[in-house]
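Listed below, chain by chain, are the residues.
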Amino acid sequence: MDVELNVTLLTLGGFAELHKYRYLYFVIIFTLYILILCFNSTIVFLIWTHENLHEPMYIFIAALLINSVLYSMIIYPKLLSDVLSEKQMISYPLCLFQGLSYCTSVGSEFLLLAAMAYDRYVSICKPLQYPVIMNRITIYVCLILAWLIPAFETSVLGVLYSNVKLCSFTLTGIFCNTSVYKLQCVPSVAISIYSMVMLINIALLPLLFILFTYIRILRISYHCCREVRKKAVKTCLPHLLVLTNFSCFIFFDIIIVRLDSDLSKTLRLTLTFQSILFHPLLNPIIYGLKMNEIFKHIKILLGKEIKFIEMS
């Protein structure tokens, strides 16, 4: 029985001095988790309930924020439980599920950002064809593919991982991500090749498409009138800020995994917190403040809440 437990249970050893700061960790993580759920859900609710926000750009924003909520739900509940536990442990199947769900969420975010970039390109560079190109069917196809492609590709990766023999049972992080790869006795060539192909499909190609699209938008808008340039900056800036934020988050995650043995536990924990805590929180803040139509509805909603509090 003990041998079976050693094989199936993994230790999460990424927390620094948890015994000293256990409740501080919990309060910070729990507070940010609630803020993430509230901020993202509020903007999704506003987009859902107001007809003037039922446009492709806002629908993609809502999908992106829903993806942020799903991403948070993959990590935070287990993280909060671990903070209050004496031993931070997770079963290998659950760890694999968390790691693959994490990869799916990351891939979906890249594909949704690519869909948003294409939407902005058609809106600014082909305004007369916009209603025809970005119709309801196009939106549905983009949304379905953005979630199904990463889910399918990570499912195949899960099948490859299911037959892997483990020789290490300690993860140096605080949750399961791509670092699960380092637990293998012998690195699998099939997993390495497939992981690289998957990375290209759901991350690198969408990123290159996004960069190409925004460069194209900037070039075309530069030769147009001032109104077009103003529209380009006004609508593309929030997306570029989110893309920059997300790219930094992925960059930090790669650093954490690749330079694992060279980083101190405190620095590794700091980088991990930066990537998992602030990314899903910044998205609704950026869109709430930078998108005028959303910001207007937020002010109206806050005004109603203040009046309700004053009346009660």
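What counts and what doesn't
- Residues numbered from 1 in each chain as written.
- Predicted model: local features only at pLDDT ≥ 70, side-chain atom pairs only at ≥ 80, totals over all residues.
- Heavy atoms only, no water.
- Helix = DSSP H or I, 4+ residues; strand = E, 2+ residues; numbered from the N terminus.
- Expected span 1.5 Å × (residues − 1).
- Bend = angle between axes of the 7 residues up to and from the residue.
- Core = buried A, V, L, I, M, F, W, Y, C linked by side-chain atoms within 4.5 Å.
- Buried < 20%, exposed > 50% of the residue type's maximum accessible area, 1.4 Å probe, protein only.
- Pairing = 2+ DSSP bridges.
- Contact = heavy atoms within 4.5 Å.
- Axes fitted to C-alpha atoms, helices over the stretch in contact; angles between N-to-C directions.
- Disulfide = S-S within 2.5 Å.

Undergrad: So what's going on with helix H3 (residues 56–84)? Which residues, and what values?
TA: Over its 29 residues, H3 runs 42 Å from end to end, which matches the ideal 42 Å to within 8%, given 1.5 Å per residue. For H3, the principal kink sits at Met73 and spans about 30°; a proline, Pro77, occurs within the next four residues.

Undergrad: Residues and numbers for the nonpolar core, please.
TA: Counting 69 residues, the largest nonpolar core has Ile61 and Ile276 as its most contacted members. The biggest single contributor to this core is helix H4 (residues 92–125), with 15 residues. Tyr92, Cys95, Val180 and Ile191 belong to the second largest nonpolar core, which has 19 residues in total.

Undergrad: So what's going on with the sheet that holds strand E2 (residues 89–91)? Which residues, and what values?
TA: Read from one edge to the other, the open sheet built from three strands follows the order E2-E1-E3, with strand pairing classed as mixed. Only two strands of the sheet have a single neighbouring strand rather than two, namely E2 and strand E3 (170–171). By the bridge criterion, two bridges tie strand E1 (residues 9–12) to E3 in an arrangement that is parallel. For Thr11, the partnering residue across the bridge sits in E3 and is Thr170. This element, H4, spans E1, E2 and E3 of the sheet and lies at about 90° to E2.

Undergrad: Any chance you could break down the state of the cysteines for me, citing the residues and the numbers?
TA: One pass over the structure, following the stated rule, counts one disulfide. The disulfide partner of Cys95 is Cys176, and the S-S distance across this bridge is 1.9 Å. Classification of the bridge connecting Cys95 and Cys176 rests on its S-S torsion, roughly -115°, and on that basis the disulfide is left-handed. Of this pair, Cys95 sits in helix H4 while Cys176 sits in the loop between E3 and helix H7 (189–222), placing them 81 residues apart in sequence. No difference in accessibility class separates Cys95 from Cys176, as the two residues are buried. Cys103 takes part in no disulfide bond, and the closest cysteine sulfur to it belongs to Cys176, at a distance of 11 Å. Accessibility expressed as a relative area gives 13% for Cys103, which makes it buried.

Undergrad: Which residues make up the environment of Glu293, and what values do they have?
TA: Relative to the assigned elements, Glu293 resides in helix H11 (residues 292–311). Between the C-alpha atoms of Glu293 and Leu53, which are 240 residues apart in sequence, the distance is 7.6 Å. When sequence neighbours within four positions are dropped, the list of residues in contact with Glu293 reads Asn52, Leu53 and Tyr58.

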